[in-house]
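Summary of the model geometry
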Amino acid sequence: EDGSRERLKGVLAESHVAGDCDARFVSPREVSELEPSLSDACRGAVHIPGEIVVDPWLFPVALAAHAREVAAASGAEGDVIRCGVEADMERSTFDPEEGIWTIETKPTEGGDGRGTIRARCVVNAAGIDADLVQSGASSGGGGGLPGPSFEARPRRGQYAVFAASPDDSPPNGSVPTRPIQPVPSQFTKGIFVYSTLYDQLVVGPTALDQESRTDDAVDPAVRADLVDHASRVMGDRFDPSRLVGEYVGIRPGTDGRDYQIRLHASSNFVTVGGVRSTGLTASLGVGRHVARCLLPCVVEPSGRPPAAGVGPTPLPDVRALAERYREGGDG
């Protein structure tokens, strides 16, 4: 307990250094007032008001809607050539004199043959396969592109989802209002307990290293560990019989702790690898950093003032979005 309390102090100090001055230590009594669904065994916590739960589908939809607005405002709406194809980087080539990549694509499941895409630059954001993509481009016709400076280390995260009755909804029911995180270590942030936007209870993710980049099968033994963790966090208020779903995601871990963002300016190629859970929060900053890295490689200085920015895009009604999503056969 003393060790956990010291680590909590470290979490609070790190939050303050990062500029989150609203983070503060809360006593067991205040914990029970903030989150009545938690076990009485809690001996204190760090409250970080800015930590929230987002809808995993709506967030990328918002980014896509904004990207379309930006393209329309800049007159580049027709610049998206193809989507949903897989690049064959071993057969792709880069012409250093012209500064152009010729990217060969693999046949699709629908039977379409190979294709070709010409591009000024390549952004390798292939997740768990980012090192393989750069290795393929390097061994092919990458125009001197070096091999990757990191190696992927797949790390699986398993989740369990539990239903909540209407009476369980926060703030007075058996579903927490805020994400509940254990005291983190230097290796993992630990298993969270949190409620979704639909008042379901989610427990996860685990953090287990594995060799396979594709094995996302649910492990019953891990499910038992998740149930045990939720029982310790919530005590008698947790009902394990209300399990409604479970799934596994594979994090793009690497042999280094940090993001692996590398610009290879002579090849107009940038790798964005090792971006794990914190990538959601950091996504806009990572995108801005990558764009700034690439601009000198692909844009000739014009002396003209930069184009005016495009403000935030108001999203259409969520129900209308979901209907369009279904009509398109996407889910």
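Quick summary incoming for the structure in this document. All residue numbers here refer to positions counted from 1 along the written sequence of the relevant chain. Where local features are concerned, this predicted model is filtered to residues with pLDDT of at least 70; where side-chain atom pairs are given and counted, the filter is 80 or more; whole-chain, interface and lining totals use all residues. Only hydrogens and water are removed before side-chain values are computed, so all heavy atoms of the structure are retained for them.

1. A look at helix α6 (residues 279-298)
The term bend refers to the angle at a residue between two fitted axes, each drawn through seven residues, those ending there and those starting there. Strands are runs of DSSP state E lasting at least 2 residues, helices are runs of H or I lasting at least 4, and numbering of each runs from the N terminus. The sharpest bend along α6 measures roughly 35° and falls at Gly-285. With a 1.4 Å probe rolled over the protein chains alone, any residue whose accessible area is under 20% of its type maximum counts as buried; one over 50% counts as exposed, and the rest are partly exposed. All buried positions along α6 are accounted for by Gly-279, Val-286, Val-290, Cys-293, Leu-294 and Val-298. For α6, the elements touching its buried residues are β6 (122-124), β12 (260-264) and β13 (269-273). Two residues form a contact once any of their heavy atoms are found within 4.5 Å.

2. Quick look at the packing of aromatic side chains
Two aromatic rings, drawn from Phe, Tyr or Trp (for Trp, its six-membered ring), form a pair once their centres lie within 6.5 Å of each other, and the interplanar angle then sorts them: stacked below 30 degrees, edge-to-face above 60, tilted otherwise. Summed over all chains, the structure comprises four aromatic pairs. With centroids separated by 5.3 Å and ring planes inclined at 40°, the aromatic side chains of Phe-94 and Trp-101 adopt a geometry described as tilted. On the basis of relative accessible area, Phe-94 is assigned to the buried category, the value being 6%. Centre to centre, the rings of Phe-162 and Phe-238 are 4.9 Å apart; their planes meet at 80°, and the pair counts as edge-to-face. In this pair, Phe-162 is assigned in strand β7 (residues 155-162) and Phe-238 in the loop between α5 (220-234) and β11 (243-251), connecting sequence segments 76 residues apart. Overall, the relative accessible area of 1% leaves Phe-162 in the buried class.

3. What to know about the environment of Asp-215
Note that Asp-215 resides in the loop between β10 (208-209) and α5. Residue classification places Asp-215 among the partly exposed positions, given a relative accessible area of 37%. In this structure the C-alpha to C-alpha distance between Asp-215 and Arg-156, which are 59 residues apart in sequence, comes to 8.5 Å. Leaving out residues up to four positions away in the same chain, Asp-215 has contacts with Arg-156, Gln-210 and Ile-250.

4. Some points on the pattern of salt bridges
Salt bridge, as applied in this entry: a Lys or Arg side-chain nitrogen positioned within 4 Å of an Asp or Glu carboxyl oxygen. Scanning all chains against the criterion turns up 14 salt bridges. With a closest N to O distance of 3.4 Å, Glu-6 and Lys-9 form a salt bridge. Here Glu-6 and its partner Lys-9 are both found in helix α1 (residues 2-17), three residues apart, which amounts to about one turn of the helix. Under the relative-accessibility criterion, Lys-9 is labelled partly exposed at 48%.

5. Here we look at the side chain of His-264
If you trace the backbone, His-264 turns up in strand β12. Think of a polar contact as two N or O atoms within 3.5 Å of one another; within protein, one of them needs to be a possible hydrogen donor and the other a possible acceptor, and neighboring residues in sequence only count if both atoms come from side chains. Polar contacts involving the side chain of His-264 include one to the side chain of Gln-134, which spans 3.2 Å.

6. Some details on helix α4 (residues 130-139)
Regarding α4, the residues found buried are Ala-130, Asp-131, Gln-134, Gly-136 and Ala-137. Among the structural elements, β4 (100-105), β6, β12 and β13 are those in contact with the buried residues of α4.

7. Here's the deal with the side chain of Ser-15
Within the secondary structure, Ser-15 sits in helix α1. With sequence-adjacent residues up to four places away left out, Ser-15 is seen in contact with Asp-20, Ala-23 and Ile-48.

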